[in-house]
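# Residue-level structural notes
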Amino acid sequence: MTEQEKINQQLQRQIDMQGGRIDALAVKVDALSDKIDLYVEESRTARARQDEDMREIRASLEGVGKHVQNLTVAAMVGVGTSVIAVVMVGTVVYSIFTR
């Protein structure tokens, strides 16, 4: 075997090893790509779930707001009737003592 054939054989081995490394790297890149795709899909799913939760919370808060508004009106009516009752009792008591 000539010197050139030895060099060619050594270069061919190096090329074959480099090809194997490239193939292994390609497999890793494909696996990474799959993981990234999965992560993106999970992120989208989580975001959709969060959006739905936020809609439910907003709807719940609107319901609570209406309930608080109703309670406030009821309390105002109660205070108003209490004031009217005190005035009426005061008027009756005053009319009894002034006769």
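Nothing here was measured: the structure is a model prediction, and the numbers come from that model.

Our focus in this paragraph is the overall build of the protein chain. Per the secondary structure count, the protein chain includes one helix and zero strands. Its C-alpha atoms give the protein chain a radius of gyration of 42 Å, clearly above 13 Å, the size a compact globule of 99 residues would have. In terms of overall dimensions, the protein chain has C-alpha extents of about 145 × 15 × 10 Å along its principal axes. Split into buried and exposed, the 99 residues of the protein chain put 0% on the buried side. Surface summary for the protein chain: the accessible area is close to 9000 Å², and the carbon and sulfur share equals 64%.

What follows concerns the environment of Ala75. Position of Ala75 relative to the elements: it lies in helix 1 (residues 3-97). Spatially, the C-alpha atoms of Ala75 and Ile57 are 26 Å apart, while their sequence positions differ by 18 residues.

Turning to the pattern of salt bridges, a few remarks are in order. Working definition: two side chains of opposite charge can pair if their charged atoms are close together. A full pass over the atoms with the stated rule returns two salt bridges. The partner of Arg47 in a salt bridge is Asp51, with the nearest N and O atoms 3.6 Å apart. With a gap of four residues between them, Arg47 and Asp51 both fall in helix 1, about one helical turn apart. By relative accessible area, Asp51 is classed as partly exposed at 27%. Here Arg55 ties to Glu52 by a salt bridge, and the two come within 3.6 Å at their closest N and O atoms.

On the surface, Val89, Val92, Val93, Ile96 and Phe97 cluster together into a nonpolar patch covering about 510 Å² of accessible area. Checked against the element boundaries, Ile96 lands in helix 1. On the basis of relative accessible area, Ile96 is assigned to the exposed category, the value being 57%.

Attention shifts here to the environment of Met88. Position of Met88 relative to the elements: it lies in helix 1. Considered as a pair, Met88 and Glu62 are 26 residues apart in the sequence and their alpha carbons are 39 Å apart.

Rules used throughout
- Numbers given for residues are sequential positions, taken from 1 along each chain in its written order.
- Restriction of local features to residues with pLDDT of at least 70 applies here, the model being predicted, together with a cutoff of 80 or more for giving and counting side-chain atom pairs; totals for whole chains, interfaces and linings are based on all residues.
- Computation of side-chain values covers all heavy atoms of the structure but excludes hydrogens and water.
- Secondary structure follows DSSP: runs of H or I at least 4 residues long count as helices, runs of E at least 2 residues long count as strands, and numbering of each begins at the N terminus.
- Radius of gyration means the value over C-alpha atoms here, while the globule rule gives 2.2 Å times the residue count to the 0.38 power.
- The cut-offs for exposure are 20% and 50% of the maximum accessible area for each residue type, with area from a 1.4 Å probe on protein chains only; residues under the lower value are buried, those over the upper are exposed, and the others partly exposed.
- Working definition of accessibility: Shrake-Rupley area with a 1.4 Å probe, residue cover restricted to the visible protein chains.
- Each salt bridge in this description consists of a side-chain nitrogen of Lys or Arg and a carboxyl oxygen of Asp or Glu lying within 4 Å of one another.
- The patches described consist of residues with a relative accessible area above 30% and no salt bridge, like charges being joined within 9 Å and nonpolar side chains (Val, Leu, Ile, Met, Phe, Trp, Tyr) within 5 Å.

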